[in-house]
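One-letter residues, chain by chain:
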Amino acid sequence: VIRTLDAGADKPLPGLTIDGESNPFLGVRGIRLSLARPDIFRVQLRALLRAAVHGDLRIMLPMVAAPEEISAVSKLLDEELQDLQQHGIAARRPLLGIMIEVPVTALAIDRFPADFYSIGSNDLTQYVMAAARDNRSLAYLLDPAHPAMLRLVENVARYGVGSGKSVSLCGEAGADARALPHLLHAGLRSVSVAPAAVGRVKQLVASLDLSALS
């Protein structure tokens, strides 16, 4: 799974991201920045289309907040795929998924037509709580197991089951021993964690009795 360029906010790239935004976490970042710079974005999409012929490659879009953003990327993919094929270059259209990082996508998930979904717990938590995740004085608010967060996770997980589309989670919450049981109880069944945490997380999941959290 390859996430497209996720620059902006706390991940600035000189010469690409916008300097001096009053609130970069709510600014031109993630897929917004990619669509604003199609000259750069098309290069990445072409590379992914070419790489997709070599295995099960999937594309994941960060910071999606409007269905039109998915449509715009899909159009770019089709255009680049057609151009590659016309030039005799091997290419394949991979599955196109999105990150669930803003409340609107979690609340209205049925309006976002993607092949798969990945809940970005770090950004989703900060936007739900209106507390910047890089502000240490607000760390007490950044709780991925907050009831509001769990309701959003449950909504996305339920939609995934009903639609037959996979739902996963990436971010620090996946390896959080306190939060993970609640996220699993909310319906989540797939998490992405750092390699060093895999063994510990597997052991935790194996020891859980989710019925005890009812």
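What you see is a predicted model; the values in this text were computed from it and never measured. (Residues numbered from 1 in each chain as written. Predicted model: local features only at pLDDT ≥ 70, side-chain atom pairs only at ≥ 80, totals over all residues. Heavy atoms only, no water.)

A.B. asks: Is there a simple way to explain helix 3 (residues 67-86) in this structure?
C.D. replies: Three or four residues apart is the spacing at which side chains of an α-helix point the same way, because the helix has 3.6 residues per turn. Over its 20 residues, helix 3 runs 29 Å from end to end, which matches the ideal 28 Å to within 8%, given 1.5 Å per residue. Buried within helix 3 are the following residues: P67, E69, I70, V73, L76, L77, E80, L81 and L84. Directly beyond the C-terminal end of helix 3, a positive phi value near 70 degrees is found at G88. (Helix = DSSP H or I, 4+ residues; strand = E, 2+ residues; numbered from the N terminus. Expected span 1.5 Å × (residues − 1). Buried < 20%, exposed > 50% of the residue type's maximum accessible area, 1.4 Å probe, protein only.)

A.B. asks: Would you mind showing me how to read the side chain of S118 here?
C.D. replies: Within the secondary structure layout, S118 lies in strand 4 (residues 117-120). Separated by 3.5 Å, the side chains of S118 and S168 make a polar contact. Ignoring sequence-local partners within four residues, the contact set of S118 consists of M60, I98, M99, I100, S168, L169 and C170. (Polar contact = N/O pair within 3.5 Å; in protein donor to acceptor, adjacent residues only side chain to side chain. Contact = heavy atoms within 4.5 Å.)

A.B. asks: Hey, could you run me through the sheet that holds strand 5 (residues 167-170) in this one?
C.D. replies: On the basis of which strands lie adjacent, the open sheet formed by six strands has the order 1-2-3-4-5-6 and parallel pairing. Both edges of this open sheet fall to strand 1 (2-3) and strand 6 (191-192), since each of them pairs with a single strand only. Inspection of the sheet shows strand 2 (residues 58-61) paired to strand 3 (residues 95-100) by four bridges, in the parallel sense. Its bridge partner lying in strand 3, M60 is registered against G97. Together, strand 3, strand 4 and strand 5 form the strand contacts of helix 5 (residues 121-129), whose direction differs from that of strand 4 by roughly 60 degrees. (Pairing = 2+ DSSP bridges. Axes fitted to C-alpha atoms, helices over the stretch in contact; angles between N-to-C directions.)

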